[in-house]
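Examining the three-dimensional arrangement
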Amino acid sequence: MQNQEVYDSVVSKFEKRFGSRPAATAYAPGRIEVLGNHTDYNEGFVFSAAIDQGTFFAASPAEGTLCTIVAGNLDREVSFDIADVRPQKEDSWQNYVSGTFNWLFDGEPAKAGRGFNAVFEGNIPLGAGLSSSAALEMATVLALAKIYGVEKDATTLAKIGQKAEHTFAGCPCGLLDQASSLYGKAGALVKSDFRYCRFETVDMGGSVAFMMVKSNAKHELVDGAYASRRQACEEAAKFFAGVLKHPVTHLRDVSCAEWILYGGGLPETIAKRAVHPIGEDERVLLGASLLEKGDLAGFGALMFDSHESSRKWFENSCPELDTIVDIAKTLPDVLGARLSGGGFGGSCCLLVKPDAADGIAAAITQAYRKVYGDEPTCRLVKPSDGAHLVG
Ligand code: GLA
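Presented here is an overview of the structure given in this document. (Residues numbered from 1 in each chain as written. Predicted model: local features only at pLDDT ≥ 70, side-chain atom pairs only at ≥ 80, totals over all residues. Heavy atoms only, no water.)

A short note on the packing of helix α2 (residues 94-104) against helix α4 (residues 154-169)
The interhelical angle for the contact between α2 and α4, taken along N-to-C directions, is 120°, at an axis separation of 8 Å. As summarised for this structure, α2 and α4 are arranged oblique, according to the angle between their axes. In this structure, α2 crosses over α4, and the sense of that crossing is right-handed. Contacts from Asn95, Tyr96, Ser98, Gly99, Thr100, Asn102, Trp103 and Leu104 of α2 reach α4 at Ile160, Gly161, Lys163, Ala164, Glu165, Thr167, Phe168 and Ala169. (Axes fitted to C-alpha atoms, helices over the stretch in contact; angles between N-to-C directions. Helix = DSSP H or I, 4+ residues; strand = E, 2+ residues; numbered from the N terminus. Parallel < 35°, antiparallel > 145°, perpendicular 65-115°, else oblique. Left-handed = near helix turned anticlockwise from the far one by under 90°. Contact = heavy atoms within 4.5 Å.)

Quick notes on the sheet that holds strand β9 (residues 334-339)
Reading across from one edge, β9-β10-β8-β11 is the order of the 4 strands in this open sheet, with antiparallel pairing throughout. If you trace the sheet from one side to the other, it starts and ends with β9 and β11 (377-381), each paired once. The mean inter-strand angle of the sheet, taken between neighbouring strand axes irrespective of direction, is 20°. Bridge analysis of strand β8 (residues 209-214) against strand β10 (residues 347-352) gives 6 bridges, and the strand direction is antiparallel. Within β10, the residue paired with Ala209 across the bridge is Val352. Packing of helix α10 (residues 319-329) onto the sheet brings it into contact with β8, β9 and β10, and relative to β10 it is tilted by some 15°. (Pairing = 2+ DSSP bridges.)

Considerations on the packing of aromatic side chains
This model, assessed by the stated rule, comprises 16 aromatic pairs. A centroid spacing of 5.2 Å and a plane angle of 90° characterise the contact between Phe105 and Tyr148, whose relative ring orientation is edge-to-face. Remark: Tyr148 occurs in helix α3 (residues 132-148) and Phe105 occurs in the loop between α2 and β5 (116-122); sequence separation between them is 43 residues. Assessed through its relative accessible area of 13%, Phe105 is described here as buried. For Tyr148, a relative accessible area of 18% translates into the label buried. Centroid distance Phe239 to Phe240: 5.2 Å. Interplanar angle 75°. Geometry classified as edge-to-face. Phe239 gets classed as partly exposed once you look at its relative accessible area, which sits at 21%. The buried category is assigned to Phe240, whose relative accessible area is 0%. Grouped by ring-pair contacts, the aromatic residues Phe101, Phe105, Phe116 and Tyr148 constitute a single cluster. Of note, Arg229 hangs over the ring of Phe314, and the distance from its end group to the ring centre comes to 5.9 Å. (Phe/Tyr/Trp six-rings, centres within 6.5 Å; stacked < 30°, edge-to-face > 60°. Buried < 20%, exposed > 50% of the residue type's maximum accessible area, 1.4 Å probe, protein only. Lys NZ or Arg CZ within 6 Å of the ring centre and 35° of its normal.)

Below you can see the structure in the form of structure tokens.
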């Protein structure tokens, strides 16, 4: 089993705390975003992958109405009654679990009838932009659905996690992180179409690999920058709905050519924000056709373009990420590089030749240290299977 040692640790902590084996344990991986940035809530397209690090959530029904959750990594424990499930400021990690529980029962968690006992633990680095919170939500939702006998399709489960983010964690995210964690496949990319919630997998082949390079810049989506980008996109979509002849509900419906023709009618900042997801959609579709032809160098070039668009238009990059991409551009065995996920810190995703990985990591570390004095963390990431029950 992938990450067996984390599984063993979760089960042993569960047995120690609750005196029996868990009734159900689920595993959910983190994700990397490969191409298509801030397109999910604009009903657009993304290439992503589930990674080889994740979170296990072990649970059993409780005797009474209390829910007790142990965060194995943090050595913390919280409890609440099923009649009093609400967002909490303290131990804010619990919001991902309690919010997911809340929406698994359509906002009426008391209907669960009884509480649950749970332990979770994982090995996704926090603050790296690898969606540790979505992994926790997806592991939670699978294990709790199992112990309560709730049956829902995968996309509905992903949306339950997204609702927990919106209403309990305060982040107005799209569906990318949860969907990637659920729909990932070993050795493959997930190609998502968020208008129709269609998720397919595309095999990558072994001649390339992904390297994640984590800067030490802070990554925090709840502080308003993510929300303000989303708002700008929605405002732009409304504007285009008024000037274009065809129906527009989201920026998915607007092309780059239309932005060039009409975007001048928008306030300058809104116009800058809008062209990023519009261009990203076009890059993902072009990238799909390049992948079909096996043109990995062409695909990588689109990743560089994507980062440039983040830097110039969406302004969701930061100096540390720009530095990593600039260094990556000088290395012949790096085919492409861009920020991955919300932005404003976190990690860059590099498309690399696997044999050259050690040399690439050393070159990036050395050049980055010269600028910032500290070292980024470089790690080869294996596209892996999505969330599933393991026991
Ligand atoms: C974060 C959000 C996702 C998505 C990405 C940017 O990861 O949680 O929904 O919007 O940023 O593409």
